Amino acid sequence: MSSATNNGQMELEETIRNPGYKDAVDGGSAADASSSGTGERRDATAVKLDAAADEYTQVKPYAGMPKEVLLLHSSRARYRVPREILFWLIVCCTLALVAVTITIIALSPPCLRWWHITPVYQVYPRSFKDSDGDGVGDLKGIKEKLDHFLDLNIKAVWISPFYRSPMKDFGYDVEDFRDVDPLFGNMQDFEELLVEMHNKGLKLIMDFIPNHTSDRHRWFNLSRTRDPQYKDYYVWTDCDPAFPKPNNWVSIFGNSSWTYDEVRGQCYLHQFLKEQPDLNLRNPDVDLISFWLEKGVDGFRMDAVKHMLEAAHLRDEPQVDPDKPPVITTEWDLYHDYTTSQVGLHDMLREFRAVMDDYSREPGRYRFMVTESYDYEEVDKTMMYYGTPLIKESDFPFNFYLLDLPQNTSGWWAKHLVDLWMSNMPSGKWPNWVVGNHDRPRIGSSAGRIYVRAINLMLLTLPGTPTTYYGEEIGMENINITQSQVQDPAGKYNVSLSRDPERSPMQWNSEKNAGFNTQTNNTWLPVHPSYETVNVEVQNKDEGSVLSQYRFLNGLRQSELPFLRGWFCYVLSDTNVFSYLRELDGHKEAYLMVINFGRGPSTTDLSAVKELPDELRVLMSTNTANNQKVFQKSRIQTEAGEGLVIRYSTYTRFHPNHPAQCYVSEKACYLETVGILYKC
């Protein structure tokens, strides 16, 4: 045999040495003694190899065994069977895990988007924070105060127009849709603001004006000279220069909607100021939003959308009172059958939505769209902006009905205004609530300071997305202005129509100019005289302040599932009190709100509501003295302007027995044992 055989023999002999080994040929003595011939040694070696092979079936596995030995042992039943059991157990567990994952995904309700969870905070940039001492707020000033939004747990900020503008209507007359007005900064300031907001987890919603531009816009100047590309960018018609009224259409600010242009020799349409000519949005070349979406903005508030189209026939609109002489001076003299909500409007909005959806494909970058349309009693027209079950338009249209709350402060009226939206909203859609903006008096002035806390409580506990106008979180009120102080174009004609009172500078602290302008003694509008006590700094230190209560309620809204996912049910409304509850199937905690909008104290009897426990403990009252107070449900006492949030524990639900009084955008149930939501 070769040396390789001898080496293999030696290696094998080494590997089979262990205490349990016994030589198969007389204990090995015969082979060791026979060393006289090559043939005998080979025979002895063969015998020993055969004996060793037999011995492998008797020896236990040991460390360092060769592959041949390992394979012999691995095929034995006591090793093979556990291995197969373990393998199939892993397969079954994997399949079970996949099945559970698929089931959870299939049964889980859709995830809430960012605009479902956070309130929207409106910033009027002229009045928020002045960074350079010129008396007017700016983009750098907003950047300085971003932590204020974080303190309130607000993640969505809507900024009113800051486009380049001659400021005839304070930014709603846009001279260039792709530039920032120097009054507010420059494009670099905007980009830095956007980056910083995104770094802090904030979303930026821009105000967008699709209906019109400034008469200084490049498009309008080219259109009036009949440039081939731009001649149809605006609404033009032939008219008599001496009597430039092709029809009786009237602008929002009064007087005719038509102005004669000597350069073009025609009249142009303007549903607002004559310096705000209406765009011809039937022209497919008009693209207005892609520029800012490329910049990275998170959404748009679409301004005055019902005015975007007008009837091409240009007929006179019918008078509200046909017996009056045909002298039209205000928008309220006409039914606006031909200048608002025209056929094709919703197709146009769907095109805007499609563009925004293209930019929403990046994970976590959904682009939000909200429409503004004051439709007053024609709520059905407002609801059309939600779109259809098949084609989406805005995520929601702004709900302005709570702006009418001061007209009649009572529980019945509050319930009526809430139900006006909830009972008309398409099934499965998401509601929203607005109690103040830059065009309407502050709620603290129109309803009364006593109701500010209660209104904030309602705003943050109703289902849907609340919108807060800057300063409402601290209870700011309107300022008083004289004719000489008027800045608003609407107030130039009639001081009582001025919107300046609700646009006063934000009150940050008790120092000069309320902290709005710390460099000079200059503010574009007067600061409210209450600023020394009604400001962010003072209220941050007071746990019972309007600001602290706002912060608590917003935190409660975002942390408790019944507020974001649960049912909303009317419980009671009367002369004083509006009461409703929020509950979620499977969730033990539920919340009852009792809000007194009346003129005096009230005792509410809810003993007929069997689903409520007999004793109710107040989690939070707008009157801090009543926090943690226990009421019998037959005697819940509130003062005028007081609101209660009552938390109670029960698995008995209200909504199954009162389906006509309850609403939910999408049904969901809570599985408490594992802490998950599922469709039910």
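Residues numbered from 1 in each chain as written. Predicted model: local features only at pLDDT ≥ 70, side-chain atom pairs only at ≥ 80, totals over all residues. Heavy atoms only, no water.

### What to know about a nonpolar patch on the surface
Taken together, the side chains of Leu86, Leu89 and Ile90 define a hydrophobic patch exposed on the protein surface, amounting to about 300 Å² of accessible area. Mapping Leu89 onto the fold places it in helix α5 (residues 77–107). Exposure remark for Leu89: the relative accessible area of 49% places this residue in the partly exposed category. (Patch = residues over 30% accessible without salt bridge, like charges linked within 9 Å, V, L, I, M, F, W, Y side chains within 5 Å. Areas by Shrake-Rupley, 256 points an atom, 1.4 Å probe, with all protein chains shown as cover. Salt bridge = Lys/Arg side-chain N within 4 Å of Asp/Glu carboxyl O. Helix = DSSP H or I, 4+ residues; strand = E, 2+ residues; numbered from the N terminus. Buried < 20%, exposed > 50% of the residue type's maximum accessible area, 1.4 Å probe, protein only.)

### Quick word on the domain arrangement of the protein
Domains assigned within the protein are domain 1 (67–107) and domain 2 (565–678). Between the C-alpha centres of domain 1 and domain 2 the distance comes to 52 Å. (Domains from an automatic or database assignment.)

### Thoughts on the side chain of Asn554
On the secondary structure map, Asn554 appears in helix α20 (residues 546–559). Asn554 sits in the buried class, given a relative accessible area of 0%. There is a polar contact of 2.6 Å between the side chain of Asn554 and the backbone oxygen of Leu152. Here Asn554 is in contact with Pro119, Leu152, Asn153, Ile154 and Leu460, once residues within four sequence places are set aside. (Polar contact = N/O pair within 3.5 Å; in protein donor to acceptor, adjacent residues only side chain to side chain. Contact = heavy atoms within 4.5 Å.)

### Quick word on the nonpolar core
Residues Phe190, Trp292, Phe300, Val418 and Met458 are the most contacted members of the largest nonpolar core, which totals 128 residues. With near-sequence residues (within four places) excluded, Trp292 lies in contact with Phe162, Tyr163, Phe177, Arg178, Asp179, Val180, Met187, Phe190, Met206, Val297 and Phe300. (Core = buried A, V, L, I, M, F, W, Y, C linked by side-chain atoms within 4.5 Å.)

### Some remarks on the pairing of strand β10 (residues 368–371)
Burial along β10 is two-sided: Phe368 and Val370 and Met369 and Thr371, pointing in opposite directions, are all buried. Across 4 bridges, the pairing between strand β9 (residues 299–302) and β10 is parallel. Within the sheet, the bridge partner assigned to Met302 lies in β10 and is Thr371. Taken together, β9, helix α13 (residues 345–358) and β10 constitute a β-α-β crossover, and its handedness is right-handed. Of the strand pairs in this sheet, β10 and strand β11 (residues 396–397) are connected by 2 bridges, and their pairing is parallel. Note that in β11 the partner of Val370 across the bridge is Phe396. (Pairing = 2+ DSSP bridges. Right-handed = clockwise from strand over helix to strand, strands pointing away.)

### Some details on the sheet that holds β11
Read from one edge to the other, the open sheet built from 8 strands follows the order β11-β10-β9-β5-β2-β1-β13-β12, with strand pairing classed as parallel. Lying at the two open borders of the sheet, with one neighbouring strand each, are β11 and β12 (432–434). In the sheet, strand β2 (residues 156–159) pairs with strand β5 (residues 203–208) via 4 bridges, with the strands oriented parallel. Its bridge partner being in β5, Ile159 is matched across the sheet by Met206.

### Some details on the environment of Leu584
The residue Leu584 is located in the loop between β15 (577–583) and β16 (589–596) in this model. We classify Leu584 as buried; its relative accessible area is 0%. Taking the C-alpha atoms as reference points, Leu584 and Pro562, 22 residues apart in sequence, are found 5.1 Å from one another. When neighbours within four sequence positions are excluded, Leu584 is seen to be in contact with Leu561, Pro562, Arg565, Gly566, Arg653, Ala668, Tyr670 and Leu677.

### Notes on the state of the cysteines
If you walk through the whole model with that rule in mind, you get 3 disulfides. The partner cysteine of Cys239 in its disulfide is Cys267, sulfur to sulfur 2.0 Å. When the S-S torsion is 85°, as for the bridge of Cys239 with Cys267, the disulfide is right-handed. Highlighted residues: Cys239 in the loop between β6 (236–237) and β7 (258–261) and Cys267 in strand β8 (residues 266–269), separated in sequence by 28 residues. Put simply, Cys569 and Cys662 are joined by a disulfide, and their sulfur atoms are 2.1 Å apart. Across the disulfide from Cys569 to Cys662, rotation about the S-S bond amounts to roughly 120°, and the bridge is consequently right-handed. Residue Cys569 is found in strand β14 (residues 567–573), and its partner Cys662 is found in strand β22 (residues 662–663); the two are separated by 93 residues along the sequence. The same class applies to Cys569 and to Cys662, which are both buried. Here Cys92 is not disulfide-linked; the sulfur of Cys93 is the nearest cysteine sulfur, at 7.0 Å. Classification of Cys92 by relative accessible area gives partly exposed; the value is 46%. Accessibility expressed as a relative area gives 49% for Cys93, which makes it partly exposed. (Disulfide = S-S within 2.5 Å.)

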